[in-house]
Amino acid sequence: MIITTAAPARLQGELVMPGDKSISHRAALIGSLARGDTEVQGFLAAQDCLSTLSCLRALGVSAVLRGDRLLIRGGGGVFTAPRKPLDAGNSGTTARLLLGVLAAQQFETTLTGDPSLRKRPMDRVVEPLKRMGAQVEGDGTRLPLRIRGGNLKPLTYTLPVASAQVKSALLLAGLQASGLTVIEEPFPSRNHTELMFEQFGVTVAVAGNRISIEGKQIPVASQVRVPGDISAAAFFLVAGAIVPRAVIKIKDVGINPTRRGIVDLLMEMGADIQIQNRRFWGKEEVADLLVRGGAPLRAITVGGDAIPRVIDEIPILAVAAAHARGVTVIRDAAELRVKESDRIAALARELAKLGAEIEERPDGLVIEGGRPLTGAVVESGGDHRMAMALAVAGLAASGKTTVRGAEAIKISFPAFLSILRSLTC
Ligand code: S3P
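These numbers were taken from a predicted model, which means no experiment stands behind them.

1. Concerning helix H4 (residues 123-132)
- Within the sequence span of H4, burial applies to Arg124, Val125, Val126, Pro128, Leu129 and Met132.
- As for H4, its buried residues are in contact with helix H3 (92-102), strand E8 (135-138), strand E9 (145-148), strand E10 (156-158), helix H5 (164-176) and strand E11 (180-184).
- Positioned one or two residues after H4, Gly133 has a phi angle of 120 degrees, which is positive.

2. What about the site of the ligand?
- Taken together, Ser22, Arg26, Thr93, Arg96, Ser163, Ala164, Gln165, Arg190, Ile311, Asp312 and Lys339 make up the full set of residues adjacent to the ligand.
- Contacts to the ligand include Asp312, whose side-chain N or O atom sits 2.6 Å from an oxygen atom.
- Here an oxygen atom of the ligand and a side-chain polar atom of Lys339 are 2.7 Å apart.
- With the chains in place, 95% of the 380 Å² that the ligand exposes on its own is no longer accessible.
- Only helix H1 (21-33), H3 and H5 provide two or more residues apiece to the shell around the ligand.
- Of the residues contributing to the shell around the ligand, the split by class is 2 nonpolar, 4 polar and 5 charged.
- Each of two domains, domain 1 (2-19 + 227-424) and domain 2 (21-225), supplies a minimum of three residues to the shell around the ligand.

3. Section: the packing of aromatic side chains
- Within this structure, the stated rule accounts for 4 aromatic pairs.
- With centroids separated by 6.1 Å and ring planes inclined at 75 degrees, the aromatic side chains of Phe235 and Phe416 adopt a geometry described as edge-to-face. Separated by 181 residues along the polypeptide, Phe235 in helix H7 (residues 230-242) and Phe416 in helix H12 (residues 416-424) bring together distant segments of the chain. Take Phe235 and Phe416: they sit in the same class, and that class is buried.
- Following the ring pairs from residue to residue traces out a cluster consisting of Phe235, Phe236, Phe413 and Phe416.
- We note Arg225 situated over the ring of Trp281; from NZ or CZ to the ring centre the distance is 3.8 Å.

4. Topic: unusual backbone geometry
- Cis geometry marks the peptide bond from Leu143 to Pro144, where omega comes out at -5 degrees.
- Mapped onto the secondary structure, Pro144 falls in the loop between E8 and E9.
- Phi is positive for Lys216, close to 60 degrees, though the residue is something other than glycine.
- In this structure Lys216 comes out as exposed when scored by relative accessible area, which is 55%.
- Phi is positive for Asp252, which is not a glycine, with a value near 60 degrees.

5. Description of helix H9 (residues 314-322)
- Counting buried residues in H9 gives 9 out of 9 residues, a clear majority hidden from the surface.
- Taken together, the buried positions of H9 are occupied by Ile314, Pro315, Ile316, Leu317, Ala318, Val319, Ala320, Ala321 and Ala322.

6. Here's the deal with the domain arrangement of the chain
- Taken domain by domain, the chain holds domain 1 (2-19 + 227-424) and domain 2 (21-225).
- Taking the mean C-alpha position of each, domain 1 and domain 2 sit 28 Å from one another.
- Listed per partner, the contact involves 27 residues of domain 1 and 27 residues of domain 2.
- In this assembly, domain 1 packs against domain 2 so that about 2400 Å² is buried in total across both faces, 53% of it on carbon and sulfur atoms.
- When the buried area of domain 1 at its contact with domain 2 is split by residue, Arg259, Lys283 and Ile411 rank highest and sum to 23% of it.
- Linking domain 1 with domain 2 are 3 salt bridges.

7. What about the nonpolar core?
- Counting residues in hydrophobic clusters, the biggest one holds 81 residues, and the most contacted among them are Phe236 and Phe416.
- A total of 11 residues in this core trace back to one element, the largest contributor, which is H7.
- If we skip the residues at most four places from it in the chain, Phe236 touches Leu15, Met17, Ile248, Ile250, Val291, Phe413, Phe416, Ile419, Leu420 and Leu423.
- Listed in part, the 66 residues of the second largest apolar core include Leu44, Leu98, Leu171 and Ile183.

8. Regarding the pattern of salt bridges
- All chains considered together, the criterion is met by 30 salt bridges.
- Between Asp20 and Arg259 there is a salt bridge whose closest N-O contact spans 2.9 Å. Within this pair, whereas Asp20 is found in the loop between strand E2 (12-16) and H1, its partner Arg259 is found in the loop between strand E15 (247-254) and helix H8 (261-268), the two being separated by 239 residues in sequence. Of the two residues examined, Asp20 and Arg259, each falls in the buried class.
- Residue Glu340 is joined to Arg343 by a salt bridge in which the shortest nitrogen-to-oxygen separation is 3.1 Å.
- Look at the salt bridges and you will find they share partners, linking Arg120, Glu340, Arg343 and Asp383 into a network.

9. Things to note about the packing of H9 against helix H11 (residues 384-393)
- Relative orientation of the contacting elements H9 and H11 amounts to 20 degrees, with a least axis distance of 8 Å. Accordingly, the angle class assigned to the pair H9 and H11 is roughly parallel. Note on packing geometry: the crossing formed by H9 with H11 is right-handed. Residues Pro315, Ile316 and Val319 of H9 pack against Arg385, Met386, Ala389, Val392 and Ala393 of H11.
- For the contact of H9 with H11, a count of residues per class yields 7 nonpolar, no polar and 1 charged.

10. Points about the packing of H7 against H9
- The interhelical angle for the contact between H7 and H9, taken along N-to-C directions, is 5 degrees, at an axis separation of 9 Å. Judged by the angle between their axes, H7 and H9 are roughly parallel. Seen from H7, the contacting residues are Ala234, Phe235, Val238 and Ile242; seen from H9, they are Ile316, Val319 and Ala320.
- Its residues assigned to classes, the contact of H7 with H9 comprises 7 nonpolar, no polar and no charged.

Criteria and cut-off values
- Each chain carries its own residue numbering, running from 1 in the written order of its sequence.
- For this predicted model, a pLDDT threshold of at least 70 governs which residues receive local features, and a threshold of 80 or more governs which side-chain atom pairs are given and counted, while totals over whole chains, interfaces and linings are taken from all residues.
- With hydrogens and water set aside, each side-chain value is computed from the structure's full complement of heavy atoms.
- The buried label goes to any residue with under 20% of its type's maximum accessible area, the exposed label to any with over 50%, and the partly exposed label to all in between, with areas taken from a 1.4 Å probe on protein chains only.
- Secondary structure elements follow DSSP: runs of H or I no shorter than four residues count as helices, runs of E no shorter than two count as strands, and numbering proceeds from the N terminus.
- Throughout, a residue-residue contact means that at least one pair of heavy atoms, one from each residue, lies within 4.5 Å.
- Proximity is defined per residue: if any heavy atom of the residue lies within 4 Å of a molecule or strand, that residue is considered near it.
- Any pair of nitrogen or oxygen atoms within 3.5 Å is treated as a polar contact; in protein, a donor-acceptor pairing is required on top of that, and neighbouring residues in sequence qualify only through side-chain atoms on both sides.
- All accessibility values rest on the Shrake-Rupley procedure with a 1.4 Å probe; residue burial counts only the protein chains present in the view.
- Residue polarity is assigned by list, with Asp, Glu, Lys and Arg as charged and Ala, Val, Leu, Ile, Met, Phe, Trp, Tyr, Cys and Pro as nonpolar; anything else, Gly included, falls into the polar class.
- The split of the chain into domains comes from an automatic or database domain assignment.
- Pairing of aromatic rings covers Phe, Tyr and Trp, the last through its six-membered ring, and needs centres within 6.5 Å; plane angles under 30 degrees mean stacked, over 60 mean edge-to-face, and all others mean tilted.
- Any Lys NZ or Arg CZ that is within 6 Å of a ring centre and within 35 degrees of that ring's normal is treated as a charge sitting over the ring.
- Note on terms: buried area is the combined drop in 1.4 Å-probe accessible area of two parts once they are placed together, counting the loss on both.
- The term salt bridge refers to a pairing of a side-chain nitrogen on Lys or Arg with a carboxyl oxygen on Asp or Glu at a separation within 4 Å.
- In plain words, nonpolar cores are sets of buried Ala, Val, Leu, Ile, Met, Phe, Trp, Tyr and Cys residues tied together by side-chain atoms within 4.5 Å.
- Comment: axis = line fitted to C-alpha atoms, over the contacting stretch for helices; angle = value between 0 and 180 degrees taken between N-to-C directions.
- Each angle is binned into one of four classes, with values under 35 degrees roughly parallel, values over 145 roughly antiparallel, values of 65 to 115 roughly perpendicular, and all other values oblique.
- Crossing handedness is read from the near helix: turned anticlockwise from the far helix by less than a right angle, it gives a left-handed crossing, and turned clockwise, a right-handed one.

This is the structure:
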(Lines give C-alpha, C1' and ligand atoms only; values in the text may rest on other atoms or scores of the structure.)
Protein backbone atom coordinates (compact mmCIF):
# COMPACT_ATOMS: atom_id res chain seq x y z
CA MET A 1 0.00 0.00 0.00
CA ILE A 2 1.18 3.52 -0.73
CA ILE A 3 0.10 6.79 0.83
CA THR A 4 0.74 10.26 -0.48
CA THR A 5 1.06 13.46 1.52
CA ALA A 6 1.70 17.11 0.62
CA ALA A 7 1.58 20.50 2.33
CA PRO A 8 -2.03 20.93 3.51
CA ALA A 9 -4.04 24.14 3.13
CA ARG A 10 -5.03 23.68 6.77
CA LEU A 11 -4.12 21.35 9.64
CA GLN A 12 -6.56 21.84 12.49
CA GLY A 13 -8.69 19.85 14.82
CA GLU A 14 -9.24 18.07 18.10
CA LEU A 15 -8.10 14.46 18.29
CA VAL A 16 -8.16 11.45 20.55
CA MET A 17 -5.39 8.89 20.14
CA PRO A 18 -5.90 5.13 20.32
CA GLY A 19 -4.86 3.45 23.56
CA ASP A 20 -1.21 3.23 24.51
CA LYS A 21 0.42 0.17 22.98
CA SER A 22 2.78 -0.63 25.86
CA ILE A 23 0.03 -0.26 28.46
CA SER A 24 -2.43 -2.34 26.40
CA HIS A 25 0.01 -5.28 26.21
CA ARG A 26 0.58 -5.10 29.95
CA ALA A 27 -3.11 -4.88 30.82
CA ALA A 28 -3.76 -8.06 28.83
CA LEU A 29 -0.75 -9.97 30.18
CA ILE A 30 -1.15 -8.99 33.82
CA GLY A 31 -4.93 -9.43 33.53
CA SER A 32 -4.30 -12.99 32.33
CA LEU A 33 -2.12 -13.68 35.40
CA ALA A 34 -4.66 -12.18 37.81
CA ARG A 35 -7.40 -13.87 39.74
CA GLY A 36 -10.76 -12.70 38.37
CA ASP A 37 -12.13 -10.71 35.43
CA THR A 38 -10.35 -7.58 34.27
CA GLU A 39 -11.98 -4.93 32.12
CA VAL A 40 -9.74 -2.78 29.97
CA GLN A 41 -11.13 0.39 28.39
CA GLY A 42 -9.21 1.94 25.51
CA PHE A 43 -7.32 -1.25 24.58
CA LEU A 44 -5.31 -0.70 21.39
CA ALA A 45 -6.97 -2.86 18.72
CA ALA A 46 -3.93 -2.85 16.41
CA GLN A 47 -1.92 -5.78 15.11
CA ASP A 48 0.75 -5.82 17.83
CA CYS A 49 -1.71 -5.97 20.71
CA LEU A 50 -3.91 -8.42 18.81
CA SER A 51 -0.83 -10.66 18.62
CA THR A 52 -0.67 -10.61 22.43
CA LEU A 53 -4.36 -11.53 22.66
CA SER A 54 -4.08 -14.39 20.17
CA CYS A 55 -1.08 -15.84 22.04
CA LEU A 56 -2.97 -15.60 25.35
CA ARG A 57 -6.03 -17.29 23.83
CA ALA A 58 -3.80 -20.11 22.55
CA LEU A 59 -2.70 -20.49 26.20
CA GLY A 60 -6.32 -21.00 27.26
CA VAL A 61 -7.15 -17.45 28.34
CA SER A 62 -10.59 -16.01 27.60
CA ALA A 63 -10.12 -12.56 26.06
CA VAL A 64 -13.10 -10.83 24.45
CA LEU A 65 -12.46 -7.60 22.57
CA ARG A 66 -15.37 -5.39 21.48
CA GLY A 67 -14.15 -2.18 19.87
CA ASP A 68 -11.59 -0.95 22.37
CA ARG A 69 -13.09 -2.72 25.41
CA LEU A 70 -11.30 -5.89 26.47
CA LEU A 71 -12.64 -8.41 28.97
CA ILE A 72 -9.99 -10.80 30.13
CA ARG A 73 -10.47 -13.72 32.51
CA GLY A 74 -7.38 -14.32 34.59
CA GLY A 75 -6.35 -17.80 35.62
CA GLY A 76 -4.25 -16.77 38.64
CA GLY A 77 -1.08 -17.93 36.85
CA VAL A 78 -2.48 -21.16 35.39
CA PHE A 79 -2.38 -21.58 31.60
CA THR A 80 -2.89 -24.56 29.28
CA ALA A 81 -0.24 -25.89 26.91
CA PRO A 82 -0.75 -24.47 23.42
CA ARG A 83 -1.40 -26.92 20.60
CA LYS A 84 0.71 -25.04 18.08
CA PRO A 85 3.52 -22.49 18.03
CA LEU A 86 2.61 -19.05 19.33
CA ASP A 87 3.09 -16.26 16.80
CA ALA A 88 4.05 -12.83 18.16
CA GLY A 89 3.82 -11.33 14.65
CA ASN A 90 5.83 -8.09 14.46
CA SER A 91 5.64 -7.43 18.19
CA GLY A 92 8.82 -7.42 20.27
CA THR A 93 6.81 -6.58 23.38
CA THR A 94 4.57 -9.63 22.90
CA ALA A 95 7.55 -11.95 22.40
CA ARG A 96 9.71 -10.70 25.24
CA LEU A 97 7.04 -10.17 27.89
CA LEU A 98 5.40 -13.49 27.05
CA LEU A 99 8.74 -15.27 27.54
CA GLY A 100 8.70 -13.91 31.10
CA VAL A 101 5.21 -15.35 31.64
CA LEU A 102 6.06 -18.69 30.01
CA ALA A 103 9.26 -19.08 32.02
CA ALA A 104 7.13 -20.25 34.96
CA GLN A 105 4.85 -22.63 33.02
CA GLN A 106 5.58 -26.36 33.33
CA PHE A 107 4.85 -27.08 29.65
CA GLU A 108 6.78 -26.47 26.48
CA THR A 109 5.85 -23.61 24.14
CA THR A 110 7.32 -22.70 20.78
CA LEU A 111 7.33 -18.97 20.11
CA THR A 112 7.89 -17.41 16.72
CA GLY A 113 7.26 -14.17 14.85
CA ASP A 114 7.35 -12.47 11.47
CA PRO A 115 10.61 -12.09 9.48
CA SER A 116 11.42 -8.75 11.17
CA LEU A 117 10.87 -10.09 14.69
CA ARG A 118 12.86 -13.26 13.89
CA LYS A 119 15.88 -11.01 13.30
CA ARG A 120 15.64 -9.19 16.64
CA PRO A 121 17.74 -10.16 19.69
CA MET A 122 16.08 -12.43 22.24
CA ASP A 123 19.21 -13.45 24.19
CA ARG A 124 18.75 -10.34 26.35
CA VAL A 125 15.67 -12.04 27.88
CA VAL A 126 16.58 -15.70 27.36
CA GLU A 127 19.90 -15.53 29.19
CA PRO A 128 18.52 -14.14 32.53
CA LEU A 129 15.41 -16.35 32.29
CA LYS A 130 17.68 -19.41 32.00
CA ARG A 131 19.46 -18.26 35.16
CA MET A 132 16.07 -18.31 36.88
CA GLY A 133 15.62 -21.93 35.80
CA ALA A 134 13.71 -21.79 32.49
CA GLN A 135 14.85 -24.20 29.77
CA VAL A 136 15.13 -22.59 26.37
CA GLU A 137 16.00 -24.33 23.12
CA GLY A 138 16.63 -22.91 19.68
CA ASP A 139 19.64 -20.84 18.85
CA GLY A 140 18.94 -18.86 22.04
CA THR A 141 19.40 -15.50 20.40
CA ARG A 142 16.54 -15.29 17.90
CA LEU A 143 13.03 -16.63 17.40
CA PRO A 144 11.79 -19.29 16.97
CA LEU A 145 12.51 -20.54 20.48
CA ARG A 146 11.16 -23.42 22.55
CA ILE A 147 10.70 -22.60 26.20
CA ARG A 148 9.84 -24.98 29.03
CA GLY A 149 9.29 -23.26 32.32
CA GLY A 150 9.33 -24.52 35.84
CA ASN A 151 9.80 -23.53 39.43
CA LEU A 152 11.72 -20.34 39.06
CA LYS A 153 14.49 -19.15 41.33
CA PRO A 154 14.62 -15.42 42.02
CA LEU A 155 17.20 -13.33 40.22
CA THR A 156 19.42 -10.37 41.00
CA TYR A 157 20.38 -8.82 37.71
CA THR A 158 21.74 -5.64 36.15
CA LEU A 159 20.40 -4.98 32.66
CA PRO A 160 23.16 -4.38 30.10
CA VAL A 161 20.85 -1.99 28.18
CA ALA A 162 17.95 0.15 29.42
CA SER A 163 15.12 -1.99 28.05
CA ALA A 164 11.61 -1.94 29.44
CA GLN A 165 10.82 -5.13 27.57
CA VAL A 166 13.64 -7.04 29.27
CA LYS A 167 12.91 -5.46 32.66
CA SER A 168 9.22 -6.36 32.29
CA ALA A 169 9.92 -9.93 31.21
CA LEU A 170 12.08 -10.42 34.31
CA LEU A 171 9.49 -8.79 36.58
CA LEU A 172 6.78 -11.08 35.16
CA ALA A 173 9.03 -14.08 35.79
CA GLY A 174 9.99 -12.70 39.22
CA LEU A 175 6.31 -12.39 40.13
CA GLN A 176 6.00 -16.15 39.66
CA ALA A 177 9.36 -17.15 41.23
CA SER A 178 9.93 -18.03 44.88
CA GLY A 179 11.86 -15.27 46.64
CA LEU A 180 12.95 -11.71 45.91
CA THR A 181 13.95 -10.69 42.37
CA VAL A 182 15.96 -7.48 42.04
CA ILE A 183 16.48 -5.79 38.68
CA GLU A 184 18.72 -2.81 38.16
CA GLU A 185 18.68 -0.74 34.97
CA PRO A 186 21.36 1.66 33.71
CA PHE A 187 18.77 4.41 33.05
CA PRO A 188 15.07 4.48 33.87
CA SER A 189 13.02 2.92 31.05
CA ARG A 190 9.22 3.09 30.80
CA ASN A 191 7.70 1.94 34.09
CA HIS A 192 4.24 0.83 32.94
CA THR A 193 4.74 -2.72 34.24
CA GLU A 194 5.60 -1.47 37.72
CA LEU A 195 2.56 0.86 37.73
CA MET A 196 0.23 -1.81 36.33
CA PHE A 197 1.41 -4.28 39.01
CA GLU A 198 0.45 -1.74 41.68
CA GLN A 199 -2.91 -1.27 40.02
CA PHE A 200 -3.42 -5.06 40.31
CA GLY A 201 -2.41 -5.08 44.00
CA VAL A 202 1.10 -6.47 43.44
CA THR A 203 3.83 -4.91 45.59
CA VAL A 204 6.94 -3.71 43.79
CA ALA A 205 9.63 -1.66 45.50
CA VAL A 206 11.40 0.97 43.43
CA ALA A 207 14.56 2.64 44.75
CA GLY A 208 16.35 4.73 42.16
CA ASN A 209 17.06 2.46 39.18
CA ARG A 210 16.51 -0.73 41.22
CA ILE A 211 13.19 -2.57 41.19
CA SER A 212 12.43 -5.45 43.56
CA ILE A 213 9.52 -7.87 43.46
CA GLU A 214 8.66 -10.61 45.90
CA GLY A 215 7.58 -13.77 44.09
CA LYS A 216 4.39 -15.83 44.36
CA GLN A 217 2.11 -12.79 44.43
CA ILE A 218 -1.16 -13.22 42.55
CA PRO A 219 -2.48 -10.05 40.93
CA VAL A 220 -6.07 -9.11 41.75
CA ALA A 221 -8.26 -8.40 38.70
CA SER A 222 -8.81 -4.71 38.07
CA GLN A 223 -10.41 -2.07 35.87
CA VAL A 224 -7.93 -0.38 33.57
CA ARG A 225 -8.44 2.79 31.53
CA VAL A 226 -5.66 3.02 28.96
CA PRO A 227 -4.38 6.56 28.20
CA GLY A 228 -4.00 7.73 24.60
CA ASP A 229 -0.70 6.63 23.10
CA ILE A 230 1.94 9.36 23.30
CA SER A 231 3.92 7.50 20.62
CA ALA A 232 0.93 7.96 18.27
CA ALA A 233 0.38 11.56 19.41
CA ALA A 234 4.04 12.30 18.61
CA PHE A 235 3.29 12.24 14.85
CA PHE A 236 0.63 14.93 15.26
CA LEU A 237 2.74 16.98 17.67
CA VAL A 238 5.49 17.19 15.07
CA ALA A 239 3.00 17.74 12.22
CA GLY A 240 1.51 20.59 14.24
CA ALA A 241 4.95 22.04 14.98
CA ILE A 242 6.26 22.03 11.39
CA VAL A 243 3.13 23.07 9.46
CA PRO A 244 2.61 26.86 9.63
CA ARG A 245 -0.72 27.92 11.19
CA ALA A 246 -1.54 24.38 12.35
CA VAL A 247 -3.56 24.10 15.57
CA ILE A 248 -4.06 20.60 16.96
CA LYS A 249 -5.41 19.57 20.34
CA ILE A 250 -4.83 15.96 21.36
CA LYS A 251 -6.93 14.89 24.33
CA ASP A 252 -6.27 12.28 27.02
CA VAL A 253 -2.66 11.48 26.13
CA GLY A 254 -0.48 9.49 28.54
CA ILE A 255 2.34 11.73 29.82
CA ASN A 256 4.12 9.28 32.11
CA PRO A 257 7.51 10.94 32.80
CA THR A 258 9.35 7.86 31.49
CA ARG A 259 7.55 8.25 28.14
CA ARG A 260 7.09 11.93 27.45
CA GLY A 261 10.58 12.70 26.15
CA ILE A 262 9.14 13.82 22.81
CA VAL A 263 7.06 16.57 24.46
CA ASP A 264 10.00 17.82 26.53
CA LEU A 265 12.39 17.77 23.56
CA LEU A 266 10.01 19.50 21.15
CA MET A 267 9.47 22.21 23.77
CA GLU A 268 13.26 22.50 24.18
CA MET A 269 13.44 22.96 20.38
CA GLY A 270 11.04 25.87 20.68
CA ALA A 271 7.78 24.22 19.58
CA ASP A 272 4.61 25.89 20.86
CA ILE A 273 3.10 23.07 22.95
CA GLN A 274 0.86 23.45 25.98
CA ILE A 275 0.19 20.66 28.46
CA GLN A 276 -3.34 21.12 29.81
CA ASN A 277 -5.76 19.40 32.15
CA ARG A 278 -3.21 17.12 33.84
CA ARG A 279 -4.72 14.30 35.88
CA PHE A 280 -4.28 10.57 36.65
CA TRP A 281 -6.03 7.55 35.19
CA GLY A 282 -5.19 4.92 37.77
CA LYS A 283 -1.42 5.24 38.25
CA GLU A 284 -0.75 6.80 34.83
CA GLU A 285 -0.70 10.56 34.26
CA VAL A 286 -2.70 11.94 31.30
CA ALA A 287 -3.15 15.41 29.82
CA ASP A 288 -4.44 17.26 26.78
CA LEU A 289 -1.72 18.55 24.47
CA LEU A 290 -2.18 21.66 22.34
CA VAL A 291 0.31 22.37 19.56
CA ARG A 292 0.42 25.44 17.31
CA GLY A 293 2.54 25.63 14.20
CA GLY A 294 4.86 28.37 13.11
CA ALA A 295 7.25 28.72 16.06
CA PRO A 296 10.83 28.49 14.75
CA LEU A 297 12.60 25.29 15.86
CA ARG A 298 16.21 25.11 17.10
CA ALA A 299 18.56 22.12 16.97
CA ILE A 300 19.22 20.08 20.13
CA THR A 301 21.57 17.36 21.36
CA VAL A 302 19.92 14.21 22.72
CA GLY A 303 21.69 11.32 24.44
CA GLY A 304 22.19 9.39 27.69
CA ASP A 305 19.19 9.01 29.95
CA ALA A 306 16.99 11.04 27.56
CA ILE A 307 17.11 8.22 24.98
CA PRO A 308 14.90 5.59 26.70
CA ARG A 309 12.25 8.32 27.22
CA VAL A 310 12.04 8.99 23.49
CA ILE A 311 13.26 5.72 21.97
CA ASP A 312 10.21 5.05 19.77
CA GLU A 313 9.88 8.71 18.76
CA ILE A 314 13.34 9.15 17.21
CA PRO A 315 11.98 8.72 13.64
CA ILE A 316 9.54 11.61 14.08
CA LEU A 317 12.03 13.62 16.16
CA ALA A 318 14.44 13.36 13.21
CA VAL A 319 11.73 14.91 11.00
CA ALA A 320 11.42 17.82 13.44
CA ALA A 321 15.22 18.14 13.51
CA ALA A 322 15.26 18.47 9.71
CA HIS A 323 13.20 21.66 10.23
CA ALA A 324 15.25 23.00 13.15
CA ARG A 325 17.94 25.62 12.65
CA GLY A 326 21.37 24.22 13.51
CA VAL A 327 22.87 20.76 13.95
CA THR A 328 20.87 18.20 15.94
CA VAL A 329 22.89 15.33 17.37
CA ILE A 330 21.20 12.10 18.50
CA ARG A 331 23.61 9.76 20.28
CA ASP A 332 23.65 6.75 22.65
CA ALA A 333 20.80 5.33 20.57
CA ALA A 334 22.39 2.20 19.04
CA GLU A 335 19.26 0.29 20.20
CA LEU A 336 17.50 1.88 17.22
CA ARG A 337 19.37 -0.57 15.01
CA VAL A 338 17.45 -3.52 16.50
CA LYS A 339 13.92 -2.10 16.39
CA GLU A 340 11.29 -3.06 13.79
CA SER A 341 13.94 -1.98 11.27
CA ASP A 342 17.43 -0.50 11.60
CA ARG A 343 16.00 2.96 12.21
CA ILE A 344 19.36 4.75 12.10
CA ALA A 345 20.11 3.47 8.61
CA ALA A 346 16.49 3.86 7.49
CA LEU A 347 16.22 7.48 8.65
CA ALA A 348 19.52 8.48 7.06
CA ARG A 349 18.53 6.82 3.78
CA GLU A 350 14.89 7.93 3.53
CA LEU A 351 15.17 11.51 4.87
CA ALA A 352 18.10 12.10 2.48
CA LYS A 353 15.69 11.26 -0.38
CA LEU A 354 13.60 14.24 0.77
CA GLY A 355 16.69 16.45 0.69
CA ALA A 356 17.54 16.43 4.42
CA GLU A 357 21.18 16.88 5.41
CA ILE A 358 21.54 13.78 7.59
CA GLU A 359 24.49 11.64 8.55
CA GLU A 360 24.48 8.18 10.10
CA ARG A 361 26.61 7.40 13.19
CA PRO A 362 27.03 3.98 14.83
CA ASP A 363 24.84 5.11 17.75
CA GLY A 364 22.72 7.85 16.22
CA LEU A 365 22.33 10.63 13.69
CA VAL A 366 23.60 14.10 12.94
CA ILE A 367 21.02 16.29 11.20
CA GLU A 368 21.71 19.75 9.85
CA GLY A 369 18.27 21.27 9.84
CA GLY A 370 16.67 24.17 8.09
CA ARG A 371 17.04 23.08 4.45
CA PRO A 372 13.64 22.95 2.75
CA LEU A 373 12.50 19.37 2.06
CA THR A 374 11.32 18.23 -1.37
CA GLY A 375 8.71 15.50 -1.89
CA ALA A 376 9.99 12.13 -3.09
CA VAL A 377 9.15 8.43 -3.13
CA VAL A 378 10.24 6.88 0.18
CA GLU A 379 10.04 3.41 1.75
CA SER A 380 8.80 2.29 5.16
CA GLY A 381 10.96 -0.84 5.12
CA GLY A 382 7.99 -2.59 6.77
CA ASP A 383 8.39 -0.36 9.85
CA HIS A 384 5.19 1.34 11.09
CA ARG A 385 6.92 4.27 12.77
CA MET A 386 9.08 4.96 9.71
CA ALA A 387 5.96 4.98 7.51
CA MET A 388 4.16 7.53 9.73
CA ALA A 389 7.24 9.72 10.24
CA LEU A 390 7.78 9.91 6.47
CA ALA A 391 4.11 10.70 5.83
CA VAL A 392 4.38 13.61 8.30
CA ALA A 393 7.63 14.76 6.67
CA GLY A 394 5.64 15.08 3.45
CA LEU A 395 3.32 17.64 5.10
CA ALA A 396 6.17 20.14 5.24
CA ALA A 397 7.89 19.31 1.94
CA SER A 398 7.30 20.90 -1.44
CA GLY A 399 5.44 18.71 -3.94
CA LYS A 400 4.21 15.20 -3.23
CA THR A 401 5.68 12.57 -0.92
CA THR A 402 4.77 8.96 -1.60
CA VAL A 403 5.33 6.44 1.20
CA ARG A 404 5.60 2.85 0.03
CA GLY A 405 4.98 -0.04 2.40
CA ALA A 406 2.43 2.03 4.33
CA GLU A 407 0.43 -1.09 5.29
CA ALA A 408 2.90 -1.40 8.20
CA ILE A 409 1.00 1.44 9.91
CA LYS A 410 -1.70 -1.01 11.06
CA ILE A 411 0.83 -2.60 13.41
CA SER A 412 0.30 0.24 15.90
CA PHE A 413 -2.08 2.86 14.52
CA PRO A 414 -4.70 1.70 11.99
CA ALA A 415 -6.58 5.04 12.18
CA PHE A 416 -3.49 7.18 11.46
CA LEU A 417 -4.38 8.13 7.90
CA SER A 418 -8.07 8.83 8.52
CA ILE A 419 -7.15 11.04 11.52
CA LEU A 420 -4.56 12.88 9.44
CA ARG A 421 -7.10 13.44 6.64
CA SER A 422 -9.68 14.72 9.15
CA LEU A 423 -7.26 17.52 10.11
CA THR A 424 -6.84 18.74 6.55
CA CYS A 425 -10.50 19.23 5.60
C1 S3P B 1 8.48 -1.24 24.84
C2 S3P B 1 9.78 -0.96 25.14
C3 S3P B 1 10.74 -0.42 24.17
C4 S3P B 1 10.04 0.16 22.96
C5 S3P B 1 8.96 -0.75 22.46
C6 S3P B 1 7.91 -0.98 23.52
C7 S3P B 1 7.61 -1.79 25.90
O8 S3P B 1 11.61 -1.45 23.74
O9 S3P B 1 10.96 0.43 21.94
O10 S3P B 1 8.34 -0.18 21.32
O11 S3P B 1 6.38 -1.80 25.74
O12 S3P B 1 8.15 -2.23 26.91
P13 S3P B 1 12.91 -1.83 24.61
O14 S3P B 1 12.44 -2.15 25.95
O15 S3P B 1 13.50 -3.04 23.96
O16 S3P B 1 13.80 -0.63 24.53
